[in-house]
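Letter by letter, the chains look like this.
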Amino acid sequence: MDASTIQPKFLKNHNDLGLIAVGFSGGQCKPGVDAAPMALIESGLVDQLKDDLKYNIHYDGQVHAYAELMPKEDPDHRNMKKPRAVSAVTQQLSKQVYEHAKEGRFVLTLGGDHSIAIGTISGTAKAMRERLGREIAVIWVDAHADINTPETSDSGNIHGMPVAFLTGLATDKPDAPFAWLEENQRISAKKLVYIGLRDIDRGEKKILREHGIKAFSMHDVDRHGIGKVMDMALGWIGSDTPIHLSFDIDALDPMWAPSTGTAVRGGLTLREGDFIAECVHETGSLIALDLVEVNPSLEAHGAAETVRAGCSIVRCALGDTLL
Ligand SMILES: NC(=[NH2+])NCCC[C@H](N)C(=O)O
Ligand SMILES: [Mn+2]
Ligand SMILES: [Mn+2]
């Protein structure tokens with residue numbers, strides 16, 4: 001293994017990487033997803049990035065639980081569960097991501113549940129607008145679309161809503177929890193691409209259709225193969241747009257990643273997941289990666305395997321190659 005030979009197009013220093021460990025589980029109801037960053041790090045991920053892939057890692061050495069930000073009371077708001085906690089954490093995370101991204105560093109965020117993407121993507125979206133005057137594209141790899149609005153969600157879990165807030169399909173009134181999210185922190189629904197979908201709520205299907213959002217479901221992966229799907233996904237984005245990759249481990253089939261809160265059968269193989277990450281890396285446009293929803297406390301016998309799958313995805317996105 002050696003440092004990647006792909007020249008990054010939108011980063012300042014080839015090998016500078018900002019790492020943020022987010023031990024937050026408040027976007028859904030199952031405890032344990034907050035332990036994922038430590039499990040990923042303990043299994044050697046950071047050392048591999050440093051020693052094998054030669055990244056210069058900027059890491060504060062903490063797993064952020066944001067305990068100091070937790071509200072005393074957090075009643076439901078528009079059917080959302082723990083809205084103030086998720087809002088406070090994502091607002092703070094957005095600033096952390098922005099600080100790294102505006103220095104021109106790659107930003108790697110280890111979650112945590114997928115609600116944290118409200119923080120990560122808003123942070124890179126703002127930084128890329130300010131630093132390069134560009135809008136970012138988002139590749140969302142997931143069994144789920146996570147594009148429920150508070151009103152279409154059955155569960156009220158905010159990890160099923162981040163894309164609605166990030167695209168502005170959902171907004172909050174002034175003084176409401178998500179009022180902090182500003183226009184320059186949002187992304188365009190036209191620059192969003194999904195891969196791996198297979199469990200979409202009825203309201204979400206309507207949203208995807210009505211807004212013409214580009215989505216490659218498992219049906220498309222079966223029909224075309226992952227190679228063709230990646231060509232189409234990256235073709236849609238084009239070669240001059242910074243890419244934020246948000247990877248939910250439940251995109252993988254539970255055979256490879258059983259330890260996750262909302263597992264759905266019929267998913268990607270581990271190789272297909274790695275291949276997606278490799279292809280996005282090869283574009284040279286990748287500026288940030290989220291790895292979310294690993295929950296080592298679920299399906300405990302499969303936890304080590306799930307963590308290993310997560311590490312593998314991260315390494316591939318950061319330029320590790322088979323040969
Ligand atoms: N990030 C995730 N794993 N999201 C699962 C979302 C499941 C369901 N669509 C919901 O809104 O609750
Ligand atoms: Mn999911
Ligand atoms: Mn998700």
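Please read these numbers as outputs of a predicted model, since none were measured by experiment.

Engineer: Whenever I open this one, the overall build of the protein chain confuses me. Can you help?
Structural biologist: The number of helices and strands found in the protein chain is 10 helices and eight strands. Against the globule reference of 20 Å for 323 residues, the protein chain gives a C-alpha radius of gyration of 18 Å, in line with a compact fold. Expressed as a percentage of the 323 residues in the protein chain, the buried residues total 59%. Entry remark: accessible area of the protein chain is about 12,900 Å², with carbon and sulfur atoms responsible for 49%. For the protein chain, the separation between the mean place of its 33 positive charges and that of its 45 negative charges on side chains is 5 Å.

Engineer: How do you make sense of the site of ligand 1 when you look at a structure like this?
Structural biologist: Around ligand 1 sit 13 residues in total, of which Asp146, Asn148, Ser155, Asp201 and Thr262 are the nearest. For ligand 1, a nitrogen atom lies 2.7 Å from a polar atom in the side chain of aspartate 201. Aspartate 250 places a side-chain nitrogen or oxygen 3.2 Å from a nitrogen atom of ligand 1. In the complex, 92% of the free accessible area of ligand 1, which totals 350 Å², lies under the protein chains. Grouping the amino acids of the shell around ligand 1 by side-chain chemistry returns no nonpolar, seven polar and six charged.

Engineer: What am I meant to see in the coordination of the manganese ion (ligand 3) here?
Structural biologist: Angles at a metal have ideal values that depend on geometry: 109.5 degrees with four tetrahedral donors, 90 or 180 degrees with six octahedral donors. Surrounding the manganese ion (ligand 3) are the protein donor atoms His114 (ND1), Asp142 (OD), Asp146 (OD) and Asp248 (OD), which sit 2.0 to 2.2 Å from the metal. Here the manganese ion (ligand 3) and the manganese ion (ligand 2) are spaced 3.2 Å apart, with aspartate 142 acting as a shared donor. This pair shows no difference in class: aspartate 142 is buried, exactly as aspartate 146 is.

Scoring rules and cut-offs
- Residues numbered from 1 in each chain as written.
- Chains lettered and ligands numbered in written order.
- Predicted model: local features only at pLDDT ≥ 70, side-chain atom pairs only at ≥ 80, totals over all residues.
- Heavy atoms only, no water.
- Helix = DSSP H or I, 4+ residues; strand = E, 2+ residues; numbered from the N terminus.
- Rg over C-alpha atoms; globule rule 2.2 N^0.38 Å.
- Buried < 20%, exposed > 50% of the residue type's maximum accessible area, 1.4 Å probe, protein only.
- Areas by Shrake-Rupley, 256 points an atom, 1.4 Å probe, with all protein chains shown as cover.
- Lys, Arg positive; Asp, Glu negative; His and termini not counted.
- Charge placed at Lys NZ, Arg CZ, Asp CG, Glu CD.
- Near = heavy atom within 4 Å.
- Polar contact = N/O pair within 3.5 Å; in protein donor to acceptor, adjacent residues only side chain to side chain.
- Nonpolar A, V, L, I, M, F, W, Y, C, P; charged D, E, K, R; others polar.
- Donors = N, O, S within 2.8 Å, 3.2 Å for Na, K, Ca; no water.

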